[in-house]
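Results of the structural survey
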Amino acid sequence: EPEVTQTPSHQVTQMGQEVILRCVPISNHLYFYWYRQILGQKVEFLVSFYNNEISEKSEIFDDQFSVERPDGSNFTLKIRSTKLEDSAMYFCASRAREAGIADTQYFGPGTRLTVL
Amino acid sequence: SQQGEEDPQALSIQEGENATMNCSYKTSINNLQWYRQNSGRGLVHLILIRSNEREKHSGRLRVTLDTSKKSSSLLITASRAADTASYFCATRGTGTASKLTFGTGTRLQVTL
């Protein structure tokens, strides 16, 4: 069964450093998302991406964040200058377009980001 | 309460018993989805119910939706130790935005 994959599974970085989190969505999906979950808290929406542009973003997704689909398979989240409060589990999700199943978002296993 | 708030926060039952989790939300929705998360792991999609549906089944799962009360429930029948996880509801609003808004989750512990 196709699945969303994410790398790395765990990233440790120093405050102020740039990180890139990578995702490979399910191959025929057209909608892509990033969410994050701070330890012990609820999952929060960051950004959605469709047709090579951001379709929606939350207030969390400020100028320090960017997303890119550099090729036909990868979808990346970049944090330019990490802060301690960016420590969280980051989930990528993708969604198909076909009617009837278009609404289900499939999540990857997550990247645990630890900012020291 | 916030969009997608669940109760109970924690539930402990014995294997073979049924587990019921509830979710409440505040705004109009297109659909509501339930996800499972094992400790520190990813989110696994369980079931989706659309706003015009009232009940849906999938294996041992039964989901209900009451849009007049803005609430949903997830019933897991004949629970197993492997069902131990956190369960989240997530709503998709109406309109073109497709983001999911997650609830606070219910932590289910199934003991032998």
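Our structure's up above, just so we're on the same page.
About the criteria used
Residues numbered from 1 in each chain as written. Chains lettered and ligands numbered in written order. Predicted model: local features only at pLDDT ≥ 70, side-chain atom pairs only at ≥ 80, totals over all residues. Heavy atoms only, no water. Helix = DSSP H or I, 4+ residues; strand = E, 2+ residues; numbered from the N terminus. Buried < 20%, exposed > 50% of the residue type's maximum accessible area, 1.4 Å probe, protein only. Contact = heavy atoms within 4.5 Å. Buried area = accessible area lost by both parts, 1.4 Å probe. Salt bridge = Lys/Arg side-chain N within 4 Å of Asp/Glu carboxyl O. Polar contact = N/O pair within 3.5 Å; in protein donor to acceptor, adjacent residues only side chain to side chain. 1 Å grid on protein atoms, 1.4 Å probe; cavity = no way out; pocket = protein on both sides within 12 Å on 5 of 7 lines; lining within 4 Å. Points joined across faces, edges and corners; volume = space filled by probe spheres on them. Nonpolar A, V, L, I, M, F, W, Y, C, P; charged D, E, K, R; others polar.

Regarding unusual backbone geometry
Working note: non-glycine residues mostly have negative phi, and peptide bonds are mostly trans. With an omega dihedral of -10°, the bond running from Thr7 of chain A to Pro8 of chain A counts as a cis peptide bond. By the secondary structure assignment, Pro8 of chain A is in the loop between strand 1 (5–7) and strand 2 (10–13). Omega for the bond connecting Asp7 of chain B with Pro8 of chain B falls within 30 degrees of zero, at -5°, which places this linkage in the cis form. Topologically, Pro8 of chain B is positioned in the loop between strand 1 (5–7) and strand 2 (10–14). For Lys70 of chain B, which is not glycine, the phi torsion reads 50° and is therefore positive. Turning to its location among the elements, Lys70 of chain B is positioned in the loop between strand 7 (61–66) and strand 8 (71–76). Judged by its relative accessible area of 27%, Lys70 of chain B is partly exposed.

Digging into the interface of chain B and chain A
In this assembly, 24 residues from chain B lie in contact with 18 residues from chain A. A buried area of about 1600 Å², summed over both sides, lies between chain B and chain A, and 49% of it is on carbon and sulfur atoms. On the chain B side of the interface with chain A, the three residues burying the most area are Leu43, Lys99 and Phe102 of chain B, jointly 29% of the side's total. Between the two partners, chain B and chain A, sit one salt bridge. With its nearest N and O atoms 3.9 Å apart, the salt bridge here joins Lys99 of chain B to Glu56 of chain A. Summed over the shared surface of chain B and chain A, the result is five residue pairs in polar contact (both at pLDDT 80 or more). When contributions to the side of chain B that touches chain A are tallied by element, the ones reaching two or more residues are strand 4 (29–37), strand 5 (43–50), strand 9 (85–93) and strand 10 (100–102) of chain B.

Re the pattern of salt bridges
All told, the structure shown has five salt bridges over all chains when counted by the stated rule. The salt bridge involving Glu44 of chain A is made with Arg36 of chain A; its shortest N-O contact spans 3.3 Å. Two residues, Asp83 of chain B and Arg60 of chain B, come together in a salt bridge whose shortest N-O distance is 2.9 Å. Placement of the pair is Asp83 of chain B in the loop between strand 8 and strand 9 and Arg60 of chain B in the loop between strand 6 (55–58) and strand 7, with a sequence separation of 23 residues. Residue Asp83 of chain B is classed as buried on the basis of its relative accessible area of 7%.

Some points on the layout of surface pockets
One number sums up the size of the largest pocket: a volume of about 540 Å³. Around the largest pocket, the lining comprises 23 residues; the ones closest to its centre are Gln37 and Gly40 of chain A together with Gln37, Ser86 and Arg107 of chain B. With four residues, the single largest contributor to the lining of the largest pocket is strand 11 (residues 106–111) of chain B. Considered class by class, the residues forming the lining of the largest pocket number six nonpolar, 14 polar and three charged. Quantified by volume, the second largest pocket comes out at close to 370 Å³. What lines the second largest pocket is a set of 15 residues, and nearest its centre among them are Glu3, Phe107 and Gly108 of chain A together with Leu43 and Val44 of chain B. Considering each element in turn, the lining of the second largest pocket owes the most residues, three residues, to strand 5 of chain B.

Coordinates in, geometry out; function isn't part of it.
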